[in-house]
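A look at the structure
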Amino acid sequence: MRFMYIILCLFLGNSIFYCQQNLSVIKLNDIYFGSDFGGKEKRLKHTDDGTAKFQIHSKIETDIVITILIPNYFINANGLEKIPISFSDENAGWSTVDNISSRITFDPRQPLILSIKENQIIYVWIGGILHPSQSQRSGKYTGNITLTVQTLPRN
């Protein structure tokens, strides 16, 4: 049997929790780059403060695929200002322990396949790279990251 869980991360939004029988996914933190850009590129590695953070818990031993749909830009409340965002292989990490030294880097643009043990927790962190213009206005910009966790059938 195959299950798919889609977690929509609305930046600066509320925590999101999905639970289906043996698998749960919780958004613990939104991504936060700050509000004053000064026209300078701003990078968030998965080890930096401000990264989005998710927790995946499985009650059974299973294999999962994590895919992340990443936006091309963040937009302000009036919809007139956009900040391009990009991602590289240093912007995402995962671990079975909520500890910075145990994180394993992965490319958020590629699916991540993991084996998860019974009652194990997986943490996922997502950063990014903002590319503001010199005239970029300060303020709240939002965007959506969609984290999909899908179980794989076992032989």
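Now for a look at the structure at hand. All chains use their own residue numbering, which begins from 1 and follows the written sequence. Per-residue local features of the predicted model are confined to residues with pLDDT of at least 70, and side-chain atom pairs are confined, for both listing and counting, to 80 or more; whole-chain, interface and lining totals are unaffected and use all residues. Only heavy atoms go into the side-chain values, all of them from the structure, while hydrogens and water stay out.

**Some words on the overall build of the protein chain**
Numbering of helices and strands runs from the N terminus; a helix is a DSSP stretch of H or I covering at least four residues, while a strand is a stretch of E covering at least two. Of the regular secondary structure elements, the protein chain holds zero helices and 15 strands. Split into buried and exposed, the 155 residues of the protein chain put 46% on the buried side. The contact criterion used throughout is that any non-hydrogen atoms of two residues lie within 4.5 Å. Sequence-distant contacts in the protein chain: of pairs separated by 6 or more residues, those separated by 24 or more amount to 73%. Accessibility throughout is a Shrake-Rupley quantity obtained with a 1.4 Å probe, and a residue counts as covered only by protein chains that appear here. As presented, the protein chain carries roughly 8,400 Å² of accessible surface, and 49% of it is formed by carbon and sulfur atoms. Only protein chains enter the area calculation, which uses a 1.4 Å probe; residues under 20% of their type maximum are buried, those over 50% are exposed, and those in between are partly exposed.

**Some words on the nonpolar core**
Only buried residues count toward a nonpolar core, which is a set of Ala, Val, Leu, Ile, Met, Phe, Trp, Tyr and Cys residues joined through side-chain atoms within 4.5 Å. Within the largest apolar cluster, 30 residues are counted, with the highest numbers of intra-cluster contacts made by I56, I66, I68, V124, I126 and V149. For this core, the secondary-structure elements that each account for two or more residues are β3 (23-29), β5 (52-58), β6 (62-69), β8 (82-86), β9 (92-95), β11 (112-116), β12 (120-126) and β15 (144-152). Setting aside residues no more than four positions away along its own chain, I126 makes contact with I31, T51, A52, F54, I68, F87, N91, A92 and I145.

**Topic: the sheet that holds β8**
Taken in spatial order, the five strands make up an open sheet running β4-β13-β8-β7-β14, and their pairing is antiparallel. In the strand order of this sheet, the two ends are held by β4 (42-44) and β14 (141-142), each with one partner. Two strands are counted as paired when DSSP detects at least two bridges linking them. Direction of pairing for β8 relative to strand β13 (residues 128-130): antiparallel, over a ladder of two bridges. Bridged to I85 within β13 is L130.

**Remarks on the packing of aromatic side chains**
A ring pair, where both rings are aromatic, is described by two values, the distance of the centres and the angle of the planes. Note on aromatic contacts: the rings of Phe and Tyr and the six-membered ring of Trp form a pair at centre separations within 6.5 Å, being stacked when their planes are under 30 degrees apart, edge-to-face when over 60 apart, and tilted otherwise. For the structure shown, the criterion picks out two aromatic pairs. Our definition puts a charge over a ring when NZ of Lys or CZ of Arg is within 6 Å of the ring centre and also within 35 degrees of the ring normal. The ring of W125 is capped by R103, whose NZ or CZ atom sits 3.7 Å from the centre of that ring.

**Here we look at the pattern of salt bridges**
For this analysis, a salt bridge means a side-chain nitrogen from Lys or Arg found within 4 Å of a carboxyl oxygen belonging to Asp or Glu. Applying the stated criterion across every chain, the model contains six salt bridges. One salt bridge connects K27 with D30, and the closest N-O pair in it is separated by 2.6 Å. For the pair shown, K27 and D30 are each scored as buried. Through salt bridges that share partners, E41, R43 and E90 make up one connected network.

Remember that the coordinates give geometry; whether it matters functionally is a separate question.
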